[in-house]
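One-letter residues, chain by chain:
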Amino acid sequence: MKPKLAVWKFASCDGCQLSLLDLEDDLLALAGAVELAEFREATSGVVDGPYDLSLVEGSITTAHDAERIRRVRRASRVLVTIGACATAGGIQTLRNFQNVQEFIRAVYAKPEYIETLATSTPISAHVKVDFELQGCPINKAQLLEVLSAHLQGRAPSIRSHSVCIECKRRQTVCVMVARGTPCLGPVTHAGCGAICPAYDRGCYGCYGPMESPNTESLTGWWRRLGVPDAAIARAYRGINGHKEPFRLAAEALGVPPETPPGRDGKPPEPHAG
Ligand code: SF4
Ligand code: SF4
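Conventions we followed
Residues numbered from 1 in each chain as written. Chains lettered and ligands numbered in written order. Predicted model: local features only at pLDDT ≥ 70, side-chain atom pairs only at ≥ 80, totals over all residues. Heavy atoms only, no water. Helix = DSSP H or I, 4+ residues; strand = E, 2+ residues; numbered from the N terminus. Buried < 20%, exposed > 50% of the residue type's maximum accessible area, 1.4 Å probe, protein only. Contact = heavy atoms within 4.5 Å. pLDDT = per-residue confidence, 0-100. Axes fitted to C-alpha atoms, helices over the stretch in contact; angles between N-to-C directions. Parallel < 35°, antiparallel > 145°, perpendicular 65-115°, else oblique. Left-handed = near helix turned anticlockwise from the far one by under 90°. Near = heavy atom within 4 Å. Nonpolar A, V, L, I, M, F, W, Y, C, P; charged D, E, K, R; others polar. Phe/Tyr/Trp six-rings, centres within 6.5 Å; stacked < 30°, edge-to-face > 60°. Pairing = 2+ DSSP bridges.

Colleague: Kindly report on the overall build of the protein chain, identifying the contributing residues and their values.
Modeller: Within the protein chain, the regular secondary structure consists of 12 helices and 5 strands. On the principal axes, the C-alpha backbone points of the protein chain span a range of 60 × 55 × 40 Å. Taking all 273 residues of the protein chain together, 44% fall into the buried category. Considering only contacts in the protein chain between residues 6 or more positions apart, those separated by 24 or more positions represent 70%.

Okay, structure coming up:
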């Protein structure tokens, strides 16, 4: 009997599921080692649970999803969340710092059809999660390690160091030291391969906070570079802005969340053309 693998989608862009499909040759090996019981991105075939391993992408943004994730949990022996949406609430957490009803009125022609929660929350806020794989999107090699570890009955070995280590390994010149470019790399979990510094840009924190990040120190360094507190808070409140270390770092700056353009009582700027 092969172990049953299920892949579930909640509020997300599907990018992390695509990382799984993008495993290429390893995907063929994986397909031979597991029974794909549920993976709508890949197949319309569905096998009933219970499932040995569930991979969950996306955050909880509706009451229906809050109920659905409890059903997924009950049917899953091991539940692993994949990606910033599932582990931190994702870019959707921008609503957590604002009034979501204002967003709905601005975005939808028929806002009365929209039923949504006031916040976007990670899966761990609703059910027990056995392992979180951070990143936006997740790293393919790290995903493969999580899957292999499950098949071999051991804990996944995902290094918890910062993006700075990846930078040093690829011999990238530090953009913060050399050019004074603000970078979230010192507090961000490794996994992206330090791609932004390699292209002369600071890290945006896509992989979320590393283990025990020293955000207080990094905030101090950004201030020394002349970055205003409002801009530092905005950087922490990005894709992983609801993850506790980044949320607390932004709150420590005492900067209230910004009013989005056009949501301050003034009409939005008309689109060009
Ligand atoms: S973490 Fe990023 S890539 Fe993955 S589903 Fe969410 S938005 Fe898409
Ligand atoms: S560029 Fe950023 S990630 Fe790279 S070493 Fe400097 S601070 Fe760290």
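Past the structure itself, the notes keep going.
Colleague: Give me the confidence of the model for the protein chain: which residues, what numbers.
Modeller: In the predicted model, the protein chain carries a mean pLDDT of 90, and 94% of its residues have values of at least 70. Every residue in residues 260-273 scores below 50 in pLDDT, and together they form 6 contacts with partners more than four places removed in sequence or on other chains.

Colleague: So what about the environment of A42? Which residues, and what values?
Modeller: Counting through the fold element by element, A42 comes out in the loop between strand 2 (35-39) and strand 3 (51-57). Spatially, the C-alpha atoms of A42 and Q17 are 9.0 Å apart, while their sequence positions differ by 25 residues.

Colleague: So what's going on with the packing of helix 10 (residues 215-224) against helix 11 (residues 229-236)? Residues and values would help.
Modeller: Taken N-terminus to C-terminus, the directions of helix 10 and helix 11 make an angle of 135°; their axes are 10 Å apart at the nearest point. Looking at the two axes, helix 10 sits oblique to helix 11. The interaxial crossing formed by helix 10 with helix 11 has right-handed handedness. Mapping the contact onto sequence places T215, L218, T219, W222 and R223 in helix 10 and D229, I232, A235 and Y236 in helix 11.

Colleague: Please give an account of the site of ligand 2 that cites residues and values.
Modeller: Lining the immediate environment of ligand 2, one finds V163, C164, C167, K168, C174, V175, M176, C183, G185, P186 and P197. Mapped onto the shell around ligand 2, the elements with two or more residues apiece are helix 7 (163-169) and helix 8 (175-179). Per-element tally for the shell around ligand 2: the top contributor is helix 7, with 4 residues. Tallied by class, residues from the shell around ligand 2 come to 9 nonpolar, 1 polar and 1 charged.

Colleague: Explain the packing of aromatic side chains residue by residue, including any values.
Modeller: Within the structure shown, the criterion is met by 2 aromatic pairs. Taken together, a centroid distance of 5.4 Å and an interplanar angle of 75° make the contact between W8 and Y51 edge-to-face. With W8 in strand 1 (residues 4-9) and Y51 in strand 3, this pair connects stretches of sequence that are 43 residues apart. Take W8 and Y51: they sit in the same class, and that class is buried. Seen in terms of ring centroids, Y236 and F246 are 5.8 Å apart; in terms of plane orientation they differ by 45°. Their pairing is tilted. Taken as a pair, Y236 in helix 11 and F246 in helix 12 (residues 244-252) lie far apart in primary sequence, 10 residues in all. Of the two residues, Y236 and F246, both sit in the buried class.

Colleague: Please give an account of the pairing of strand 4 (residues 76-82) that cites residues and values.
Modeller: Burial analysis of strand 4 places 6 of its 7 residues in the buried class, the great majority of the element. Of the strand pairs in this sheet, strand 3 and strand 4 are connected by 6 bridges, and their pairing is parallel. Bridged to V56 within strand 4 is T81. For strand 4 and strand 5 (residues 131-133), the ladder comprises 3 bridges, and the chain directions are parallel. Among the inter-strand pairings, V80 is bridged to a residue of strand 5, identified as F131.

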